[in-house]
Amino acid sequence: GRQGPTVLMINDLWYKNAVIYCLSVATYMDANGDGVGDFAGLMRRLDYLSGLGVTAIWLMPFQASPCRDDGYDVSNYYEVDARYGTLGDFVEFTHAAKQRGIRVIIDLVANHTSDQHPWFMEARRNPKSMYRDWYVWSKKKPRGSNKGMAFPGVQKSTWSYDSVARAWYFHRFYDFQPDLNTSNPHVQAEILKIMGFWIQLGVSGFRMDAVPFVIATKGPQVRNPVEQYDMLRMMREFLQWRQGDAIILAEANVLPDTDMEYFGREGDRMHMMFNFQVNQNLFYALAASDARPLQKALKATKPRPKTAQWGMFLRNHDELDLGRLTKQQRKTVFKAFGPEPAMQLYDRGIRRRLAPMLENDRRRIELAYSLMFTLPGTAVLRYGDELGMGDNLALPERQCARTPMQWSTEPNAGFTKSKKPISPVISVGPCGYEHVNAAQQRRDPNSMLNWTERIIRMRKEVPEVGWGDFEILTTRDVSVLAIRYDWRNNSVLFVHNLASTPREVSLSVGIAGESSRLLVNLLSEDHSQAKAGGKHRFMLEAYGYRWFRVGGLDYLLKRSDIETESADRVTPRRQRSRRGPVAR
Ligand code: GLC
């Protein structure tokens, strides 16, 4: 029965209506003045994050690491890297976050370790060691070692010779990141142990790195790796036993037809996945002012278990990967957002931050954010984007978009008192810290920061986006995207104009009855009354967006009525009879 429990679950499945903010401790705030961000510094910024309205923080790797891939090369999973503080500082931080109602999720890098990890050092030194089989070896150079690189153009192969082991080892990523043999039950047990450890220290879950590779079969004989999906179920089960509300958010850039394998048909695998399909098509939509491929991506990724959720994002700490677009589409996005070779990376992506890609045009940035917050899922923001921070293309690879947070007009943007920050603070151009910083934007009611705060506040009040079923409405204009969500007899409608020119929008809400005659604008007093015939007609300015609630009744009142009603009506009856609920 889906009846009673569903009502209660609204409060328990916190990730369905969360606002996640990702950051790297190293570049966020330095408290001790050594030039490297730390947990003590991050803790001082929790009120800033709380004020912004984020409900969860995702921390990039902060465990002990030689940091040759920004911490994605872990040398001890049970330690905080000394530069960021101690385990004690970490626990103080999770505690302080909890006091403000903010959850913490952390990166879990389980596909590989650093080559400096004691397991690998032992494995290469001693063929008799139990750790030998924790990695993936070959006596001879395997065929196809020049294929399947995660960083094409920078990384030359996926197998390297180790002169100590006198054997070849497999590495999907850089050569200093040897792959763990994740099929080995001892390795699997260790991964669970790591999860259990951090859960005990107060985290609410994990962003699991490189999931398709974690679960793939590996070895010199493997030509076409096969995903071992049962591993996902095992991890989920373990986590749920340890802590019922902990989640896994999977980084899995896969095709839509395997999404359900990752979520699990019974909703028994990953709680969340990043929606790479929508992300790439969203950038195409912005570049081409054409919503059609995005609509297709939304439909393709629509099926998901009732308890599962998409992570919606614009930019992250990696390049904007455009590998899933057609060649022509990719060309269009490159031309619009990354025309120069220095802006591109790994033959498939753009390494810039959001604001400079959109030419620091506030209208386009708001449009992009408004889309991210209203597409089906939970929004994941990247630190600094709430200020419109920029990039530094003089830095190598993905480092260009990982510069320190810009807090104020003080030297080094107030990030550190040291003269030598871990990464140079952006100090020139329109995105330099003297123009773009939190202190100034806090004081300016029209700043990007205050806009973001307001839009987050409103997003939290439309749980329909996180929970509801959605329908894409026809508008006859390829530049206009209109989506309606229905949930618990409430409906909301979002309309976006992707074009650089104003558009007249004419649409039917698609709901029978009186309520659809009035669209209440959630962000201004500019409401819409249906014309004779029931259609709505209104102007959308260039790059304009509208958030509407359908119907004139006080929706909060309406909602509390529903709260006591049978949860069987989560999806409106009208739709169920037509073709049954889609998301379950
Ligand atoms: C993921 C991370 C990326 C990292 C790689 C190797 O793709 O997002 O930053 O380099 O895994 O761990």
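About the thresholds
Residue indices follow the written sequence of each chain, beginning from 1 at its first position. Since the coordinates come from a predicted model, pLDDT governs what is reported: local features require at least 70, and pairs of side-chain atoms require 80 or more to be given and counted, while whole-chain, interface and lining totals use all residues. Excluded from the side-chain calculation are hydrogens and water; included are all heavy atoms of the structure. Secondary structure is summarised from DSSP: a helix means a run of H or I of at least four residues, a strand means a run of E of at least two, and numbering begins at the N terminus for each. Radius of gyration here is computed from C-alpha atoms only, and the compact-globule reference equals 2.2 Å multiplied by the residue count raised to the power 0.38. Each residue is placed in one exposure class: buried if its accessible area under a 1.4 Å probe, protein chains only, is under 20% of its type's maximum, exposed if it is over 50%, and partly exposed if it falls in between. The near set for a molecule or strand comprises every residue that places at least one heavy atom within 4 Å of it. The term polar contact refers here to a pair of N or O atoms within 3.5 Å; inside protein, the definition further demands a hydrogen-donor-capable atom paired with an acceptor-capable atom, and it admits residues adjacent in sequence only when both atoms are side-chain atoms. All accessible-area figures derive from a Shrake-Rupley calculation using a 1.4 Å probe, and residue coverage is judged against the displayed protein chains alone. If DSSP finds at least two bridges between two strands, the strands pair. Whether a set of points on the 1 Å grid over the protein atoms alone is a cavity depends on a 1.4 Å probe fitting there but being unable to get out, while an open set qualifies as a pocket with protein on both sides within 12 Å along at least five of seven lines; lining residues are those with an atom within 4 Å of a point. Grid points are joined across faces, edges and corners, and a volume is the space filled by probe spheres set on the points. Note on residue classes: Ala, Val, Leu, Ile, Met, Phe, Trp, Tyr, Cys and Pro are nonpolar, Asp, Glu, Lys and Arg are charged, and everything else, Gly too, is polar. Aromatic pairs are defined between Phe, Tyr and Trp rings, using the six-membered ring for Trp, whenever the two ring centres lie within 6.5 Å; interplanar angles under 30 degrees are classed as stacked, those over 60 as edge-to-face, and all others as tilted. The criterion for a charge sitting over a ring is simple: Lys NZ or Arg CZ within 6 Å of the ring centre, and within 35 degrees of the ring normal.

## Thoughts on the overall build of the chain
A count of helical and extended segments in the chain gives 19 helices and 24 strands. Taken against the 2.2 N^0.38 rule, which gives 25 Å for 584 residues, the C-alpha radius of gyration of the chain at 24 Å falls within 12% of a compact globule. C-alpha atoms of the chain, sized along the principal axes, occupy 80 × 55 × 50 Å. Within the chain, the proportion of its 584 residues that are buried is 61%.

## As for the site of the ligand
Around the ligand, the neighbouring residues are Asp69, Tyr72, His112, Phe151, Phe173, Arg207, Asp209, Glu251, His317, Asp318, Arg398 and Arg402. Note that an oxygen atom of the ligand is positioned 3.0 Å from one of the side-chain N or O atoms of Arg207. A distance of 2.5 Å separates an oxygen atom of the ligand from a polar atom in the side chain of Asp318. Protein burial of the ligand: of its 310 Å² of free accessible surface, 96% is covered by the chains.

## A closer look at the sheet that holds strand β15 (residues 349-350)
In a beta sheet, neighbouring strands pair by backbone hydrogen bonds and run either parallel or antiparallel. Ordered by their spatial adjacency, three strands build an open sheet running β13-β15-β14, and the pairing between neighbours is antiparallel. Strands with a single pairing partner mark the edges of an open sheet, and in this sheet they are β13 (320-321) and β14 (344-345). Bridging between β14 and β15 involves two bridges; their strand directions are antiparallel. Looking across to β15, one finds that Leu345 is bridged to Gly349.

## Concerning the sheet that holds strand β24 (residues 545-550)
The strand order across the open sheet formed by six strands is β17-β18-β19-β24-β21-β22, and the pairing between neighbours is antiparallel. In this open sheet, the two edge strands, each paired with only one partner strand, are β17 (469-473) and β22 (528-529).

## So, empty space enclosed by the protein
Counted under the stated rule, the structure contains seven cavities of 30 Å³ or more. Roughly 70 Å³ of volume is contained in the second largest cavity. Looking at the lining of the second largest cavity, the elements that each hand over two or more residues are β12 (309-313) and β17. Looking at the lining of the second largest cavity residue by residue, the class counts come to six nonpolar, three polar and three charged.

## Notes on the packing of aromatic side chains
On inspection of all chains with the given rule, the structure shows 43 aromatic pairs. Geometrically, the ring pair formed by Phe39 and Phe90 is edge-to-face, given 5.4 Å between the ring centres and 90° between the ring planes. Taken together, the residues Phe39 in helix α2 (residues 39-44) and Phe90 in helix α4 (residues 87-99) connect sequence positions 51 residues apart. With respect to class, Phe39 is no different from Phe90; both count as buried. Here the aromatic rings of Phe151 and Tyr346 are separated by 5.1 Å at their centres, their planes lie at 35°, and the arrangement is tilted. Of the two residues, Phe151 sits in the loop between β6 (137-138) and β7 (159-162) while Tyr346 sits in the loop between β14 and β15, which places them 195 residues apart along the sequence. Tyr346 matches Phe151 in its accessibility class, with the two residues each being buried. Every member of this aromatic cluster is reached through a ring pair, and the members are Phe39, Phe62, Tyr78, Phe90, Phe93, Phe197 and Trp198. The residue whose ring lies beneath Arg45 is Trp407, and the NZ or CZ to ring-centre distance is 4.4 Å. The lysine or arginine in question, Lys302, covers the ring of Phe470, its NZ or CZ lying 4.4 Å from the ring centre.

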